[in-house]
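Listed here are the chains, written in short residue letters.
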Amino acid sequence: MSRRYTLVAWIALAAVLASVGWRVVEANRLTETPPGVQATSGCEEESLYSLWRVRHGQALYVESSEPPFAAAYFNWLFYFSYSRWQVVTASPGDEPAAVRAARYLSVAGVALGIAALVGLTALACNSRQRWSRPDLWAVATYAFAGPMVGWWMVTARPDVWAFACETIGIVIVLVGHRRHAIFVAVVAGLAFYAAWAFKQNYVQGLAVCGLFLASHRRWGCAAGLFATMGGGCVLTLVLMDDAYLRGVSETIGSGSFSVHYAWANLQNAVLKLIPVLLLPIFAGWRQDPTPAGDLWADVRQFSLIGLPCSLALSFAFSAKVGAASNYYFTTALMLSLLAISLQACSSGRPLQYATLIGIAALSIGATAQGARYLRQQATVTSERWTLWRDAPVPRYSEDQLLNLPWLQPGAPTYLTAFEYAADRKRGRLFRDDGIGGLIRSQYFASLLLPADVTTAFDGASLHQYKRVQEKAGMALWLRNF
């Protein structure tokens, strides 16, 4: 590699890693801005509340039609690992520290995923190039630390660790399927089970590995892989209680789907993946020779098999109302593996320069934009908190972040599930007729509702409440007596 190209590669890698540090700093800042609960991803408050319930010995998989009308959407390993980590690293009652601990654990998942991909590139390169290809490391790092994962790396959600476990399973299959079939079947199978146990939709990597192993006629390895994964899933379903089964089935059955959401999420994902799209689109047709070594050939073949498969599944999964581009993590991995295999053929071509420059620019640019948005949202939440912090209890805020239990110690918590409003429209029955029924019975002493709400909310009249103040798009209502 030329010195100029090497310098650009190091700059790209440094930019990606710097964006990680920037996100961590900004996420920490959010816990220091009153009331310290600004979310870094959509509906993070639901996960924070679920983890709080686990740490306080309360039921996790609750019936969402019963008070507090909350839900736990994700699989058991997320709640188990994150809550235990919070207990170990944060003092009891220090909720900002518990929030930071959960977010740091997600960052650790990013580090593990990066290590797995960098390790794969090191094993695929020959001994002379093994530790002298920062361009490959930049592309590998971008898969986990670029804008596709973005702020998900500093949020209390299972996506990053599910992605990391899936990546580890894929790397094990690529590295070991030719010589260590039994080891691959067991260890990679456990990694894929862990991915599923964090979040149920992480099955794409397993499906692609099955197709890849079938293309090599390694039927025994494929069968062992699926048996290990399937056995873990069956054992989980057998050992977990009825509440878990109801929670999982409700998550699957309660969602609604929209092609509009799917297209919007696809467009969002494409924008974030532009740098790693350049080589496959504009250079892949040249049919450059695969770098020497069976592993590079496997990486390219695997990515070519996995890209259309994961793209189709990601598009289908992301059609769920409320979904975001995080459903394209696996597709991003397949595309990154293909880009790495093309990048490894040579170095210093114009498209490879464009890839590295794009990686650096998007990493910093997207992080700056996200930081600006989160600061604005934190300001809004802080303004609403000035209305809400001294409001009498019991109380309910339509800004769900302000319903977290440590913001109203000793008072009942009502933090409604994401699907609550949709379920109400579908006619689902709720205890006490939900939030609206509690308002109708004047249960709440105070309400924080959108400013455009003037006469009724959730099917209940507000005539027994007095609107007293408005700030940051929300209005405070107090009970008349």
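A quick note: this is a predicted structure, and the numbers were derived from the prediction, not measured.

Undergrad: Looking at this structure, I do not really get the overall build of the protein. What am I missing?
TA: Broken down by element type, the protein carries 17 helices and 6 strands. On C-alpha atoms alone, the protein measures out to a radius of gyration of 24 Å, which is about the 23 Å that the 2.2 N^0.38 rule sets for 481 residues. Overall, the protein is about 80 × 50 × 45 Å in size when its C-alpha atoms are taken along their principal axes. The buried share of the protein, taken over its 481 residues, is 57%. Restricting the contact set of the protein to residue pairs at least 6 apart, pairs at least 24 apart contribute 73%. Here the protein has roughly 19,700 Å² of accessible surface; of this, 63% comes from carbon and sulfur atoms. Averaging the locations of the 39 positively and 29 negatively charged side chains of the protein gives two centres separated by 9 Å.

Undergrad: Whenever I open this one, unusual backbone geometry confuses me. Can you help?
TA: A negative phi holds for most residues other than glycine; trans holds for most peptide bonds. The omega angle of the peptide bond from proline 67 to proline 68 is 10 degrees, so this bond is cis rather than trans. For proline 68, the position within the fold is in the loop between α2 (44-55) and α3 (76-89). In this structure, proline 394 follows valine 393 across a cis peptide bond, with omega equal to -5 degrees. For proline 394, the location among the structural elements is in the loop between α15 (350-388) and β1 (395-397). Even without a glycine there, the phi angle at phenylalanine 69 is positive, about 65 degrees. With respect to the secondary-structure elements, phenylalanine 69 resides in the loop between α2 and α3. We note that aspartate 433 has phi near 60 degrees; this positive angle belongs to a residue other than glycine.

Undergrad: I'm lost on helix α13 (residues 294-317) in this one. Help?
TA: In an α-helix, one turn spans 3.6 residues; hence positions three or four apart end up facing the same way. Relative to the 34 Å expected for 24 residues at 1.5 Å per residue, α13 spans 33 Å between its end C-alpha atoms, a close match to the ideal helical length. The largest bend in α13 comes to about 30 degrees, at glycine 306, with the proline proline 308 one to four residues further on. Of all the positions in α13, only Leu295, Trp296, Asp298, Val299, Arg300, Phe302, Ser303, Gly306, Cys309, Ser310 and Ser314 are classed as buried.

Undergrad: Explain the environment of arginine 384 here, please?
TA: Mapped onto the elements of the fold, arginine 384 is located in helix α15. Separated by 26 residues in the primary sequence, arginine 384 and glycine 358 place their C-alpha atoms 39 Å from one another. When residues no more than four places from it in sequence are discounted, the contact partners of arginine 384 are Asp399, Leu402, Leu448, Lys471, Ala472 and Met474.

Undergrad: Could you clarify how one ought to interpret the nonpolar core in this entry?
TA: Side chains that are nonpolar tend, in soluble globular proteins, to be buried together. Ranked by size, the top nonpolar core spans 130 residues in total, and within it Val173, Phe192 and Phe302 carry the most contacts. Counting residues in each nonpolar core, the second largest holds 18 residues, with Phe430, Leu438, Ile439 and Tyr465 among its members.

Undergrad: Explain the side chain of glutamine 343 here, please?
TA: Examined against the element boundaries, glutamine 343 turns out to sit in helix α14 (residues 329-343). Beyond its immediate chain neighbours, meaning those up to four positions away, glutamine 343 contacts Tyr5, Arg133, Asp135, Leu136, Leu279, Gln352, Thr355 and Leu356.

Undergrad: I'm lost on the environment of lysine 425 in this one. Help?
TA: Its location among the elements puts lysine 425 in helix α16 (residues 420-425). Counting along the chain gives 33 residues from lysine 425 to aspartate 458, while the straight-line C-alpha distance between them is 9.8 Å.

Undergrad: Looking at this structure, how should I read α3?
TA: The end-to-end C-alpha distance of α3, which contains 14 residues, comes to 20 Å, matching closely the 20 Å that a straight helix rising 1.5 Å per residue would cover. The secondary structure elements touched by the buried residues of α3 are α2, α4 (95-124), α6 (159-176) and α7 (181-198).

Undergrad: Help me out: how do you make sense of the packing of α6 against helix α8 (residues 204-215) in this one?
TA: How two helices sit against one another is set out by the angle between their axes and by the gap between those axes. Between α6 and α8, whose axes approach to 9 Å, the crossing angle comes to 10 degrees. When the axis of α6 is compared with that of α8, the two are roughly parallel. Contact residues: Glu166, Ile170, Val173 and Leu174 in α6; Gln204, Gly205, Cys209, Phe212 and Leu213 in α8. Across the contact of α6 with α8, the residue classes break down as 6 nonpolar, 2 polar and 1 charged.

Undergrad: Could you clarify how one ought to interpret the pattern of salt bridges in this entry?
TA: It is possible for side chains of opposite charge to pair when their charged atoms get near one another. Overall, the coordinates contain 19 salt bridges when judged by the stated rule. Arginine 375 is paired through a salt bridge with glutamate 26; the nearest N and O atoms lie 2.5 Å apart. Of the two residues, arginine 375 sits in helix α15 while glutamate 26 sits in helix α1 (residues 3-32), which places them 349 residues apart along the sequence. With a relative accessible area of 3%, glutamate 26 lands in the buried category. The closest approach of N and O atoms between arginine 103 and glutamate 44, which form a salt bridge, is 2.8 Å. Of this pair, arginine 103 sits in helix α4 while glutamate 44 is found in helix α2, placing the two residues 59 residues apart along the sequence.

Undergrad: Explanation requested: the side chain of aspartate 135 in the structure shown.
TA: With respect to the element layout, aspartate 135 can be found in helix α5 (residues 134-145). You can call aspartate 135 buried: its relative accessible area is 0%. Within the structure, the side chain of aspartate 135 is placed 3.0 Å from the side chain of tyrosine 5, a separation counted as a polar contact.

Cut-offs and rules
- Residues numbered from 1 in each chain as written.
- Predicted model: local features only at pLDDT ≥ 70, side-chain atom pairs only at ≥ 80, totals over all residues.
- Heavy atoms only, no water.
- Helix = DSSP H or I, 4+ residues; strand = E, 2+ residues; numbered from the N terminus.
- Rg over C-alpha atoms; globule rule 2.2 N^0.38 Å.
- Buried < 20%, exposed > 50% of the residue type's maximum accessible area, 1.4 Å probe, protein only.
- Contact = heavy atoms within 4.5 Å.
- Areas by Shrake-Rupley, 256 points an atom, 1.4 Å probe, with all protein chains shown as cover.
- Lys, Arg positive; Asp, Glu negative; His and termini not counted.
- Charge placed at Lys NZ, Arg CZ, Asp CG, Glu CD.
- Expected span 1.5 Å × (residues − 1).
- Bend = angle between axes of the 7 residues up to and from the residue.
- Core = buried A, V, L, I, M, F, W, Y, C linked by side-chain atoms within 4.5 Å.
- Axes fitted to C-alpha atoms, helices over the stretch in contact; angles between N-to-C directions.
- Parallel < 35°, antiparallel > 145°, perpendicular 65-115°, else oblique.
- Nonpolar A, V, L, I, M, F, W, Y, C, P; charged D, E, K, R; others polar.
- Salt bridge = Lys/Arg side-chain N within 4 Å of Asp/Glu carboxyl O.
- Polar contact = N/O pair within 3.5 Å; in protein donor to acceptor, adjacent residues only side chain to side chain.

Geometric descriptors of this kind do not, in isolation, establish any biological role.
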